[in-house]
Amino acid sequence: MTKTQTYALLLRGINVSGHRKVPMAELRSLLEGLGHTGVRTYLQSGNAVFTTDSGAGEDTLGTAIENAIEDRFGFRVDCLVRDGDYLAAVADACPFPAAELRGKELHALYCSGPVAPERFAAIDREAFLPEEFALGDRVLYLYVPDGLGTSRLAPAITRPSVVKGLVTTARNWNTVVKLIEMTQTD
């Protein structure tokens, strides 16, 4: 018997300035059509939570959702699927004082694979202060006191030459916390 698992789905780059539109009601329907249950979405920026007993791994689930989105909407969207335990571990391992910061000041940049230190070795951290970043388990923690929109560090750590081969998608800390809450099972 396969264990039922709750996952968060993080879509990259949808519903931005009217481009690559994926209405949340249609995303919920699409996930239900794939056999997932307990489907809920959060905000319009591509966050969903679902439960499945398929036994498929995160990468397999993500690829199936990417294919279904392409079939339904006519464009491909990178998807990261992470279980609730992983999301909670990311929050627990945060090296910044999350409880003392506003949500817009702290972000988790989720990555499709490991974030090896050598990828970021050429970045002059001092040049970007007070902005900072730290590496975690398939995540970069990004402290940007004035928010992501005006950050100089965020573009430096997400340059194609730095993150080559990785799918990345950022969430502010309020969203990180909300997704943890939504994936907790009793």
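Criteria and thresholds
The residue count restarts for each chain, going from 1 along the sequence in the order it is written. Restriction of local features to residues with pLDDT of at least 70 applies here, the model being predicted, together with a cutoff of 80 or more for giving and counting side-chain atom pairs; totals for whole chains, interfaces and linings are based on all residues. Heavy atoms from the whole structure form the basis of all side-chain values; hydrogens and water molecules are not counted. For helices the rule is a DSSP run of H or I covering at least 4 residues; for strands it is a run of E covering at least 2, with both sets numbered from the N terminus onward. Two residues qualify as a contact provided that any one of their heavy atoms is within 4.5 Å of a heavy atom in the partner residue. In plain words, nonpolar cores are sets of buried Ala, Val, Leu, Ile, Met, Phe, Trp, Tyr and Cys residues tied together by side-chain atoms within 4.5 Å. With a 1.4 Å probe rolled over the protein chains alone, any residue whose accessible area is under 20% of its type maximum counts as buried; one over 50% counts as exposed, and the rest are partly exposed. Helix axes are fitted only over the stretch in contact, all axes being lines through C-alpha atoms; the angle between N-to-C directions runs from 0 to 180 degrees. To sort the angles, those under 35 degrees are grouped as roughly parallel, those over 145 as roughly antiparallel, those from 65 to 115 as roughly perpendicular, and the leftovers as oblique. Left-handed describes a crossing whose near helix is turned anticlockwise from the far helix through less than a right angle; right-handed describes the clockwise counterpart. Gly is placed with the polar residues, together with every amino acid not listed as nonpolar (Ala, Val, Leu, Ile, Met, Phe, Trp, Tyr, Cys and Pro) or charged (Asp, Glu, Lys and Arg). Stacked, tilted and edge-to-face are the three classes applied to pairs of Phe, Tyr and Trp rings, where Trp contributes its six-membered ring and a pair requires centres within 6.5 Å; stacked means planes under 30 degrees apart, edge-to-face means over 60, and tilted covers the rest. For a ring to carry a charge above it, either NZ of a lysine or CZ of an arginine must fall within 6 Å of the ring centroid while also lying within 35 degrees of the normal to the ring plane. Two N or O atoms count as a polar contact when they lie within 3.5 Å, although within protein this holds only if one can serve as hydrogen donor and the other as acceptor, and sequence-adjacent residues are included solely when both atoms are side-chain atoms.

Caption draft 1: Molecular detail of the environment of Pro145. Tracing the backbone through its elements, the reader meets Pro145 in the loop between β7 (139-143) and α4 (153-157). Between the alpha carbons of Pro145 and Arg102 there is a distance of 8.6 Å; along the sequence they are 43 residues apart. Sequence-distant contacts of Pro145, defined by excluding residues within four places in its chain, comprise Arg102, Lys104, Glu105, Pro130 and Glu131.

Caption draft 2: Spotlight on the nonpolar core. In terms of nonpolar packing, the biggest core is built from 23 residues, with Leu87, Phe96, Tyr110, Val139, Tyr141 and Trp173 touching the most fellow members. Those elements that provide at least two residues to this core are β1 (5-11), α3 (84-92), β5 (106-111), β7 and α6 (173-183). For Trp173, the residues in contact, after removing those within four places along its chain, are Val90, Ala91, Cys94, Ala98, Gly103, Leu106, His107, Ala108 and Tyr141. Counting 20 residues, the second largest nonpolar core, distinct from the first, contains Leu9, Leu11, Ile14 and Met24.

Caption draft 3: Fine view of the packing of α3 against α6. Their axes nearest at 9 Å, the elements α3 and α6 cross at an angle of 140°. Comparing the axis directions of α3 and α6 gives the class oblique. Classified by chirality, the crossing of α6 by α3 is left-handed. For the pair formed by α3 and α6, the contact residues are Gly84, Leu87, Ala88, Val90 and Ala91 on the first element and Trp173, Leu179, Ile180 and Thr183 on the second. Tallied by class, residues from the contact of α3 with α6 come to seven nonpolar, two polar and no charged.

Caption draft 4: Quick peek at the packing of aromatic side chains. What the rule picks out here adds up to six aromatic pairs. The ring of Phe133 carries Arg125 above its face, with NZ or CZ at 3.8 Å from the centroid. Sitting above the plane of the Tyr86 ring, Arg138 keeps its charged end 4.5 Å from the centroid.

Caption draft 5: Quick peek at α6. Buried within α6 we find Trp173, Thr175, Val176, Leu179, Ile180, Met182 and Thr183. The N-cap of α6, judged by a side-chain oxygen 3.0 Å from the amide nitrogen of Asn174 a few residues on, is Asn172.

Caption draft 6: Highlighting unusual backbone geometry. Cis geometry marks the peptide bond from Leu129 to Pro130; its omega dihedral reads 15°. Within the element layout of this structure, Pro130 appears in the loop between β5 and β6 (132-135). Backbone geometry places Arg138, a non-glycine residue, at a positive phi of 60°. Here Arg138 shows up in the loop between β6 and β7.

Fair warning: the whole summary comes from geometry, so function is off the table for now.
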